[in-house]
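Fold and geometry: a report
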Amino acid sequence: MATLFQGVGAVTPFSASSSLDSNKLLLPSRKSLSISDSRGSIFVYRSDALNLKAATRKQDLLIPNAVATKGETSTSAKSGHELLLFEALREGLEEEMERDPRVCVMGEDVGHYGGSYKVTKGLAEKYGDLRVLDTPIAENSFTGMGIGAAMTGLRPIVEGMNMGFLLLAFNQISNNCGMLHYTSGGQFTIPIVIRGPGGVGRQLGAEHSQRLESYFQSIPGIQMVACSTPYNAKGLMKAAIRSENPVILFEHVLLYNLKERIPDEEYVLSLEEAEMVRPGEHVTILTYSRMRYHVMQAAKTLVNKGYDPEVIDIRSLKPFDLYTIGCSVKKTHRVLIVEECMRTGGIGASLTAAITENFHDYLDAPIVCLSSQDVPTPYAGTLEEWTVVQPAQIVSAVEQLCQ
Amino acid sequence: MSLSATKFVHPITTPPSTRSSDKPLFSTFFGSNHTKLRFNKPIVAAQRRSSSAASTSSPVVAVSDVVKEKKLKSASNLLITKEEGLVLYEDMILGRFFEDMCAQMYYRGKMFGFVHLYNGQEAVSTGFIKFLKKEDYVVSTYRDHVHALSKGVPAREVMSELFGKATGCCRGQGGSMHMFSKQFNLLGGFAFIGEGIPVATGAAFSSKYRREVLKEPGADEVTLAFFGDGTCNNGQFYECLNMAALWKLPIVFVVENNLWAIGMSHLRATSDPQIWKKGPAFGMPGIHVDGMDVLKVREVAKEAIERARRGEGPTLVECETYRFRGHSLADPDELRDPAEKAHYAGRDPITALKKYLFDNKLASEQELKAIDKKIEELLDDAVEFADESPLPPRSQLLENVFADPKGFGIGPDGKYRCEDPKFTQGTAHV
């Protein structure tokens with residue numbers, strides 16, 4: 001995955017040879033960044049109070065801290081430990097299972113097999129076959145079972161081996177998961193987490209490359225979050241498990257091997273907040289999941305060309321964090337949405353509507369939304385590449401937007 | 001029409017009789033033959049000798065083993081005591097009168113939408129639910145009023161819910177098809193058929209989890225899942241039979257086979273209409289019982305529930321029953337043959353229980369009439385309560401969408417939307 005962006009103290013591609021000393025977060029050396037910014041502004045990866053003071057640009061509004069640990073970065077110098085995204089998910093899951101004995105996992109091959117993406121590896125040996133339940137291949141029914149268990153006191157995590165399989169569970173997710181709290185007049189809560197990998201992978205074929213966030217977004221009563229880094233994966237996993245609401249956690253097949261240093265201390269992120277990835281002035285780029293990396297790669301090119309994009313990983317697909325997004329729009333007046341969802345009825349479509357509704361006066365140009373083509377993902381590598389948004393398209397979209 | 005369909009005759013040719021438990025309805029449809037269940041082998045229908053009027057032995061199902069008849073209660077040879085009898089009678093009368101009152105109220109415009117009445121099927125609800133503890137779970141379908149009442153939800157709350165008032169058991173947000181009660185462990189009330197079965201399986205899983213993982217002493221709650229014949233052709237049913245048998249979950253699957261799914265006859269929709277046979281295919285006992293006879297249902301229920309409580313796993317019970325009214329109040333019920341309806345009207349479970357109580361000197365006419373009156377007054381009170389209850393205010397609109405209202409997200413002003421004062425008024429834009 002050569003497209004990963006080498007940043008400061010944040011996501012480190014697994015093939016990285018440069019060791020970034022995160023003590024130098026405030027003033028990163030240009031060598032490690034491999035970006036030359038002619039205007040001399042500092043390139044920071046995470047916004048927090050310390051960095052903003054050091055930044056040379058003026059801010060109208062303090063960009064809200066979108067991560068739970070205020071005033072700290074996601075990593076500190078010698079503490080923290082490095083791991084891959086799927087390990088981060090597992091760590092979060094294990095910590096929650098340790099903390100609360102009612103937390104259990106159910107899904108296909110989560111137990112003895114350890115999960116098809118190894119997220120639950122080792123858990124069945126530790127917690128037993130009932131707490132990490134290997135289910136038969138009956139998505140609708142075991143999701144419904146998870147809902148029934150949640151109503152009666154447990155806190156289940158239902159894993160879809162691939163998010164696409166959860167289409168079979170749509171009945172239960174829509175009718176029961178989202179609605180039962182309401183139709184029971186608030187009597188029953190459904191603290192369930194439904195998670196799994198989705199998105200376009202490497203030639204997995206149409207049915208294994210689906211993006212279900214667009215299908216689920218209209219269901220009232222559920223929350224949807226998408227993780228993109230080991231840090232936010234662990235934090236969102238924990239937050240989702242602790243939440244009393246039903247939460248759908250979208251992971252991406254291609255992001256499971258991302259490596260990052262995350263804190264040793266326990267942390268939980270907010271399910272409703274977006275993450276400021278790169279503050280900027282010229283254009284707001286809203287993205288989530290894997291497209292974050294395409295955007296950051298495009299950002300490299302854009303910075304070279306003299307643009308200053310602000311990149312926000314929206315993380316919360318439902319509901320949208322309109323504050324972070326709004327502050328950004330009010331600053332840059334231009335919005336580009338980059339998503340992997342389909343064009344029609346996707347997250348981008350909803351986001352466009354939400355921004356237009358709330359911040360129309362602040363926009364200098366129409367919102368541009370780059371989504372995947374409305375095409376069943378083809379098997380052929382070339383065709384697959386063209387269905388998904390590529391960094392070059394992002395660069396030209398920004399150039400056009402900023403004219 | 002398939003070949004096998006010609007065996008099953010529409011309409012019924014057997015003449016109606018009062019307690020025709022011995023006359024099978026269709027040539028190969030085995031009416032009320034049962035016996036003491038033998039759970040060692042995953043099977044079947046068997047014979048039971050009813051202790052009341054002598055009944056001729058019915059043709060034995062040519063299925064598998066012959067099951068021995070056993071003597072039931074040693075001492076009195078009666079199936080129930082007087083107290084039990086009166087409890088059963090009162091519960092069935094409550095169900096019957098309540099549903100009749102619903103129909104009245106519907107036609108007077110007090111309730112709307114789809115209302116599915118349970119008249120005729122009371123024996124199943126009473127027979128099963130009266131064996132449960134308060135902590136046991138019941139999951140039902142859209143025909144759930146009587147399940148709610150049998151489980152203990154006050155008639156006032158059910159009536160209010162039907163009227164759509166804020167004092168309903170679900171604050172008026174559920175309606176006829178979504179009755180829930182945390183207090184009485186009624187897990188719904190589902191509009192799509194089959195939808196509740198996985199939820200019931202989940203509740204049973206929860207019970208097993210509490211016993212085996214959390215090691216809670218006395219965690220032996222049993223779940224009953226009620227559903228109809230139409231549901232037995234649905235995937236969720238089979239998937240849950242598999243999982244329940246696989247993990248030996250404490251659940252009883254109760255099929256209320258009233259032979260009709262709106263206008264679709266069970267026989268026209270099902271390749272093998274004997275639903276009880278599907279239990280053994282998954283490794284659990286399948287029982288067929290006369291669902292118009294509360295005492296027979298009770299016998300079967302007792303064993304199935306105790307089996308589940310002991311941790312021996314699920315049971316599939318098919319109750320042959322009938323709904324006297326249409327599928328819902330919107331159904332003109334023109335498709336079913338009047339002769340069939342008359343046949344089952346003659347097997348009214350309430351009449352049957354009354355006869356049993358009188359014949360065995362367990363209750364007098366006056367006592368039963370007193371119960372009737374008591375229920376009538378209860379229902380009048382329920383209707384009055386529902387009438388006078390307030391409608392839900394606007395502020396209630398958004399309250400229960402999320403258990404944690406932070407789920408509505410962060411608004412443009414940086415505050416959570418649920419902190420917006422308009423949110424509590426129900427006028428916030430979320």
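Residues numbered from 1 in each chain as written. Chains lettered and ligands numbered in written order. Predicted model: local features only at pLDDT ≥ 70, side-chain atom pairs only at ≥ 80, totals over all residues. Heavy atoms only, no water.

Looking at an unreviewed UniProt entry, chain A carries the name pyruvate dehydrogenase (acetyl-transferring), with the source organism given as Arachis hypogaea. According to its UniProt record, chain A has this under Subunit (unreviewed entry): "Tetramer of 2 alpha and 2 beta subunits." Its UniProt record gives chain A the following Cofactor (unreviewed entry) comment, quoted word for word: "thiamine diphosphate". (UniProt positions renumbered as here; feature names shortened; annotations may be inferred.)

**A closer look at the overall build of chain B**
Across its full length, chain B holds 13 helices and seven strands. Per-residue burial over chain B gives 57% buried out of 430 residues. A fraction of 73% describes how many contacts in chain B between residues 6 or more apart in sequence connect residues 24 or more apart. Roughly 17100 Å² of accessible area belongs to chain B as shown, and the carbon and sulfur atoms make up 55% of that amount. (Helix = DSSP H or I, 4+ residues; strand = E, 2+ residues; numbered from the N terminus. Buried < 20%, exposed > 50% of the residue type's maximum accessible area, 1.4 Å probe, protein only. Contact = heavy atoms within 4.5 Å. Areas by Shrake-Rupley, 256 points an atom, 1.4 Å probe, with all protein chains shown as cover.)

**Overview of the interface of chain A and chain B**
On the side of chain B, 55 residues touch chain A, which itself brings 53 residues to the contact. Across the interface of chain A and chain B, roughly 4300 Å² is buried in total on both sides, 64% from carbon and sulfur atoms. The interface formed by chain A and chain B contains zero salt bridges. The tally of links from chain A across to chain B stands at 20 residue pairs in polar contact (both at pLDDT 80 or more). Contributions of two or more residues to the side of chain A that touches chain B are made by strand S2 (103–107), strand S3 (132–134), helix H5 (139–151), helix H6 (170–177), helix H7 (180–183), helix H11 (322–332) and helix H12 (347–359) of chain A. (Buried area = accessible area lost by both parts, 1.4 Å probe. Salt bridge = Lys/Arg side-chain N within 4 Å of Asp/Glu carboxyl O. Polar contact = N/O pair within 3.5 Å; in protein donor to acceptor, adjacent residues only side chain to side chain.)

**A look at the domain arrangement of chain A**
All names here are of chain A. Domain annotation for chain A reports domain 1 (81–263) and domain 2 (275–402). One C-alpha centre belongs to domain 1, the other to domain 2; they are set 26 Å apart. In this assembly, 32 residues from domain 1 lie in contact with 27 residues from domain 2. It is Gln 203, Arg 211 and Gln 217 in domain 1 that bury the most area against domain 2; as a group they hold 28% of the surface buried on that side. Put simply, domain 1 and domain 2 have zero salt bridges between them. The tally of links from domain 1 across to domain 2 stands at 20 residue pairs in polar contact (both at pLDDT 80 or more). Listed by contribution, the elements that provide at least two residues to the side of domain 1 that touches domain 2 are helix H8 (213–216), strand S6 (223–226), helix H9 (230–242) and strand S7 (247–252). If you tally residues by element for the side of domain 1 that touches domain 2, the top one is S6, at four residues. For the side of domain 1 that touches domain 2, the per-class residue count stands at 16 nonpolar, 13 polar and three charged. (Domains from an automatic or database assignment. Nonpolar A, V, L, I, M, F, W, Y, C, P; charged D, E, K, R; others polar.)

**So, the UniProt feature "domain: Transketolase-like pyrimidine-binding" (unreviewed entry) in chain A**
On the UniProt side, "domain: Transketolase-like pyrimidine-binding" (unreviewed entry) is annotated at positions that read residues 83–258 of chain A here. What you have in residues 83–258 of chain A is 35% helix and 18% strand, and the ends, taken at the C-alpha atoms, are 8 Å apart.

**Side note on the packing of aromatic side chains**
Taken as a whole and assessed by the stated rule, the structure comprises 15 aromatic pairs over all chains. One cation-aromatic arrangement involves Lys 118 of chain A over Tyr 113 of chain A; the distance from NZ or CZ to the ring centre is 4.6 Å. Sitting above the plane of the Phe 184 of chain B ring, Lys 134 of chain B keeps its charged end 5.2 Å from the centroid. (Phe/Tyr/Trp six-rings, centres within 6.5 Å; stacked < 30°, edge-to-face > 60°. Lys NZ or Arg CZ within 6 Å of the ring centre and 35° of its normal.)

**Some words on helix H14 (residues 391–401) of chain A**
Residue and element names in this part refer to chain A. The set of residues buried in H14 consists of Pro 391, Ile 394, Val 395, Ala 397, Val 398 and Leu 401. When H14 is viewed along its axis, its buried side chains cluster within an angular range of 165° and face the same direction. Seen from the open side of H14, the exposed residues pointing more than 90 degrees away from its buried face are Ala 392 and Gln 400. Tucked into the core, H14 has its buried residues touching strand S10 (283–287), helix H10 (291–304), strand S13 (335–342) and strand S14 (368–372). (Arc of directions from axis to C-beta.)

**Describing a negative patch on the surface**
The grouping of Glu 376, Asp 380, Glu 384 and Glu 388 of chain B at the surface amounts to a negative patch. Tracing the sequence through the fold places Glu 376 of chain B in helix H12 (residues 365–388). (Patch = residues over 30% accessible without salt bridge, like charges linked within 9 Å, V, L, I, M, F, W, Y side chains within 5 Å. Lys, Arg positive; Asp, Glu negative; His and termini not counted. Charge placed at Lys NZ, Arg CZ, Asp CG, Glu CD.)

**Quick notes on the confidence of the model for chain A**
Of the residues in chain A, 81% reach a pLDDT of 70 or more, and the chain-wide mean stands at 84. Segment residues 1–73 of chain A is flagged for pLDDT under 50; beyond a separation of four residues in sequence, or across chains, it makes 135 contacts in the model. (pLDDT = per-residue confidence, 0-100.)

**A closer look at the pattern of salt bridges**
Under the counting rule described, the total for this entry stands at 49 salt bridges over all chains. Between Lys 341 of chain B and Asp 333 of chain B there is a salt bridge, with its nearest N and O atoms 3.0 Å apart. A residue is classified by how much of its surface remains accessible, and Lys 341 of chain B, at 22% relative accessible area, is partly exposed. Sharing partners across several salt bridges, the network here consists of Glu 91, Glu 95, Glu 96, Arg 99, Lys 234, Lys 238, Arg 242 and Glu 266 of chain A.

**Comments concerning the packing of helix H3 (residues 85–99) of chain A against H9 of chain A**
All names here are of chain A. Interaxial distance between H3 and H9 falls to 8 Å at its minimum, and their mutual angle equals 30°. Judged on the interaxial angle alone, H9 and H3 are roughly parallel. Handedness of the H3/H9 crossing: right-handed. Contacts from Leu 85, Ala 88, Leu 89, Glu 91, Gly 92, Leu 93, Glu 95, Glu 96 and Arg 99 in H3 reach Pro 230, Ala 233, Lys 234, Met 237, Lys 238, Ile 241 and Arg 242 in H9. (Axes fitted to C-alpha atoms, helices over the stretch in contact; angles between N-to-C directions. Parallel < 35°, antiparallel > 145°, perpendicular 65-115°, else oblique. Left-handed = near helix turned anticlockwise from the far one by under 90°.)

**Quick notes on the environment of Tyr 118 of chain B**
All names here are of chain B. With respect to the helices and strands, Tyr 118 occurs in the loop between helix H1 (82–107) and helix H2 (122–129). For Tyr 118, a relative accessible area of 0% translates into the label buried. Once the C-alpha coordinates of Tyr 118 and Arg 96 are considered, the two residues, 22 residues apart in sequence, prove to be 7.6 Å apart. Contact partners of Tyr 118, with chain neighbours within four places excluded, come to Glu 99, Val 124, Ser 125, Arg 143, Val 146, His 147 and Glu 256. Here Ser 125 takes part through its backbone nitrogen, which lies 3.5 Å from a polar atom of the side chain of Tyr 118.

**Some points on the pairing of strand S6 (residues 286–290) of chain B**
Residues and elements named next belong to chain B. Counting buried residues along S6, five of its five residues qualify, which places the element largely inside the surrounding structure. With five bridges connecting them, S6 and strand S7 (residues 315–320) associate as parallel partners. Bridge pairing in S7 links Ile 287 to Val 317. After leaving S6, the chain enters helix H9 (residues 294–310) and then returns to the sheet as S7, a path that is right-handed. (Pairing = 2+ DSSP bridges. Right-handed = clockwise from strand over helix to strand, strands pointing away.)

**Describing the sheet that holds S7 of chain A**
Residues and elements named next belong to chain A. Read from one edge to the other, the open sheet built from seven strands follows the order S3-S2-S4-S5-S7-S6-S12, with strand pairing classed as mixed. Either end of the sheet is taken by a strand with one partner, and the two such strands are S3 and strand S12 (316–318). The average angle at which neighbouring strand axes cross in this sheet is 20°, direction not considered. Running at roughly 130° to S2, H3 makes contact with S2, S3, strand S4 (155–159) and S7 of the sheet.

**Some details on H9 of chain B**
Residue and element names in this part refer to chain B. Look at H9: 24 Å from first C-alpha to last across 17 residues, which is about the 24 Å you get at 1.5 Å a residue. Among the 17 residues of H9, 14 are classified as buried, and the element is accordingly described as predominantly covered. Put simply, Asp 293 is the residue that caps the front of H9, since its side-chain oxygen is 2.9 Å from the backbone nitrogen of Leu 295. Immediately beyond the C-terminal end of H9, within one or two residues, lies Gly 311, with a positive phi of roughly 90°. (Expected span 1.5 Å × (residues − 1).)

**Describing the sheet that holds S7 of chain B**
Strand pairing in a sheet is mediated by backbone hydrogen bonds. Such pairs are either parallel or antiparallel. Residue and element names in this part refer to chain B. Read from one edge to the other, the open sheet built from five strands follows the order S1-S2-S3-S7-S6, with strand pairing classed as parallel. With one partner strand each, in any of the chains shown, strand S1 (137–139) and S6 form the two edges of the open sheet. Sheet twist, expressed as the mean angle between neighbouring strand axes with direction ignored, is 20°.

**Here we look at the nonpolar core**
Phe 128 and Phe 253 of chain B are the most contacted members of the largest nonpolar core, which has 150 residues in total. When near neighbours in sequence (up to four residues on either side) are disregarded, Phe 128 of chain B contacts Ala 123, Leu 224, Phe 226, Val 252, Val 254, Val 297, Ala 301, Ile 305, Val 317 and Cys 319 of chain B. By size, the runner-up hydrophobic cluster in this structure holds 37 residues, among which are Ala 88, Val 132, Val 225 and Tyr 293 of chain A. (Core = buried A, V, L, I, M, F, W, Y, C linked by side-chain atoms within 4.5 Å.)

**Topic: the pairing of S7 of chain B**
In the case of a regular strand, side chains alternate between the two sheet surfaces. Burial analysis of S7 of chain B places six of its six residues in the buried class, which makes it a mostly covered element. Here S7 of chain B shows a buried face lined by Thr 315, Val 317 and Cys 319 of chain B and a second buried face lined by Leu 316, Glu 318 and Glu 320 of chain B.

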